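Observations on chain architecture
Spelled out from the first residue to the last, the chains are:
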Amino acid sequence: MSQFATALGAAVTAVGVGAVVMARSWPVPTGRHRATRPTDEEQLLRPVEALDQFEAYCPAEDRPTLQLRLRLGGTCCTECRLPDTTREEAPGA
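**Re a nonpolar patch on the surface**
- There is a patch of nonpolar side chains on the surface, built from Phe4, Leu8 and Val12 and spanning about 320 Å² of accessible area.
- Tracing the chain through its elements places Leu8 in helix α1 (residues 2-25).
- Residue Leu8 is classed as partly exposed on the basis of its relative accessible area, which comes to 46%.

**With respect to the packing of aromatic side chains**
- What the rule picks out here adds up to zero aromatic pairs.
- Sitting above the plane of the Phe54 ring, Arg69 keeps its charged end 4.3 Å from the centroid.

**Quick look at the pairing of strand β2 (residues 63-70)**
- Across three bridges, the pairing between β2 and strand β3 (residues 75-77) is antiparallel. Note that in β3 the partner of Leu68 across the bridge is Cys76.
- Counted between consecutive antiparallel strands, the loop separating β2 from β3 contains four residues, among which Gly73 sits at a positive phi close to 100°.

**Section: the side chain of Thr65**
- Topologically, Thr65 is positioned in strand β2.
- Using a relative accessible area of 4% as the deciding quantity, one classes Thr65 as buried.
- Here Gln67 takes part through its side chain, which lies 2.6 Å from a polar atom of the side chain of Thr65.

**Details of the state of the cysteines**
- Following the criterion strictly, the structure yields zero disulfides and no others.
- Left unpaired, Cys58 is separated from the closest cysteine sulfur, that of Cys80, by 3.7 Å.
- Looking at Cys58, the relative accessible area reads 0%, which means it is buried.
- Of the cysteine sulfurs around Cys77, a residue in no disulfide, the closest is that of Cys80, at 3.6 Å.
- Cys77 gets classed as buried once you look at its relative accessible area, which sits at 0%.

Calculation notes
- Residues numbered from 1 in each chain as written.
- Predicted model: local features only at pLDDT ≥ 70, side-chain atom pairs only at ≥ 80, totals over all residues.
- Heavy atoms only, no water.
- Patch = residues over 30% accessible without salt bridge, like charges linked within 9 Å, V, L, I, M, F, W, Y side chains within 5 Å.
- Areas by Shrake-Rupley, 256 points an atom, 1.4 Å probe, with all protein chains shown as cover.
- Salt bridge = Lys/Arg side-chain N within 4 Å of Asp/Glu carboxyl O.
- Helix = DSSP H or I, 4+ residues; strand = E, 2+ residues; numbered from the N terminus.
- Buried < 20%, exposed > 50% of the residue type's maximum accessible area, 1.4 Å probe, protein only.
- Phe/Tyr/Trp six-rings, centres within 6.5 Å; stacked < 30°, edge-to-face > 60°.
- Lys NZ or Arg CZ within 6 Å of the ring centre and 35° of its normal.
- Pairing = 2+ DSSP bridges.
- Polar contact = N/O pair within 3.5 Å; in protein donor to acceptor, adjacent residues only side chain to side chain.
- Disulfide = S-S within 2.5 Å.

Right, here's the structure in full:
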């Protein structure tokens, strides 16, 4: 019976060590990572980039929205964030 007990103890130890080795190989978040930076489309405009704010019709939103006139030219809708979508008036108006 002592050989059986020794073999059983060795098997339990081998399974335990294997489980620990496998568990340590899994990636565990440590809290030291940083969030990814938003893409250019997701980033907000800096206040310097927006010279003028005005309301104009946006065809993507199909309604008048607040628009930003940019420093380097062009406009940007504050709702859909698409550049150069503005028209001065709604279609058919």
